[in-house]
Amino acid sequence: MSYRPNVENVTKAGSNEKEGLYEFIVKLADGTECRVFYHRFPEWRLTNISRLQKTPCPVCRKDFICKCMDNFSGDIERQITDEQWIDKALAE
């Protein structure tokens, strides 16, 4: 796989703070946007990722629902954690 996602921005889309559930919109450098769900307890962990249907998938080029971003969830989660995007998004 030659595709390498590069996280450019993360914004908070919604949350259920009582349950520790958070939803973020992740914008990648290639223009792809993904909806990412996190669970906060006992520590932050990515539970689901899905590509928003604004542009075709950069991997399979489909313009409908696909699961390609699941293959890159570890890489995207690592970038979000390393660059502290969650803290930045929650501070807004």
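Conventions used here
Residues numbered from 1 in each chain as written. Predicted model: local features only at pLDDT ≥ 70, side-chain atom pairs only at ≥ 80, totals over all residues. Heavy atoms only, no water. Salt bridge = Lys/Arg side-chain N within 4 Å of Asp/Glu carboxyl O. Helix = DSSP H or I, 4+ residues; strand = E, 2+ residues; numbered from the N terminus. Core = buried A, V, L, I, M, F, W, Y, C linked by side-chain atoms within 4.5 Å. Buried < 20%, exposed > 50% of the residue type's maximum accessible area, 1.4 Å probe, protein only. Contact = heavy atoms within 4.5 Å. Arc of directions from axis to C-beta. Pairing = 2+ DSSP bridges.

Asks: Help me out: how do you make sense of the pattern of salt bridges in this one?
Replies: Side-chain pairing between opposite charges can occur once the charged atoms of the two side chains come close. This structure, assessed with the given rule, holds five salt bridges. R35 is the salt-bridge partner of E23, the closest N and O atoms lying 2.5 Å from each other. Of the two residues, E23 sits in strand β2 (residues 21-28) while R35 sits in strand β3 (residues 33-39), which places them twelve residues apart along the sequence. Measuring nitrogen to oxygen at the nearest pair gives 3.2 Å for the salt bridge that ties E33 to K54. Taken together, the positions of E33 in strand β3 and K54 in the loop between β4 (45-51) and α1 (73-82) put the pair 21 residues apart, joining distant regions of the chain.

Asks: I tried to follow the nonpolar core on my own but got confused; where do I start?
Replies: Note on soluble globular proteins: their nonpolar side chains tend to be buried together. Judged by nonpolar contacts, the single largest core of 19 residues is most densely connected at V7, V10, Y38 and I80. Within the residue set of this core, elements represented by two or more residues are β1 (7-16), β2, β3, β4, α1 and α2 (85-91). When residues in this core are grouped by element, the largest group, four residues, is from β2. The contact partners of V7, leaving out residues within four places of it in the chain, are V26, K27, L28, I76, Q79, I80 and W85.

Asks: Could you clarify how one ought to interpret α1 in this entry?
Replies: Residues that lie three or four places apart on an α-helix share one face, since the helix turns once every 3.6 residues. For α1, the complete set of buried residues consists of S73, I76, Q79 and I80. One side of α1 holds all its buried residues, which, seen down the axis, span an arc of 130°. If you follow the buried residues of α1, they end up packed against β1, β2, β3, β4 and α2. At the C-terminal side of α1, Q84 shows a positive phi close to 55°.

Asks: Explain the pairing of β4 to me, please; I cannot follow it from the model alone.
Replies: Bridge count between β3 and β4: six bridges; the pairing is antiparallel. Residue pairing across strands places R35 opposite S50, the latter belonging to β4. Between β3 and the antiparallel strand that follows it, β4, lie five residues.

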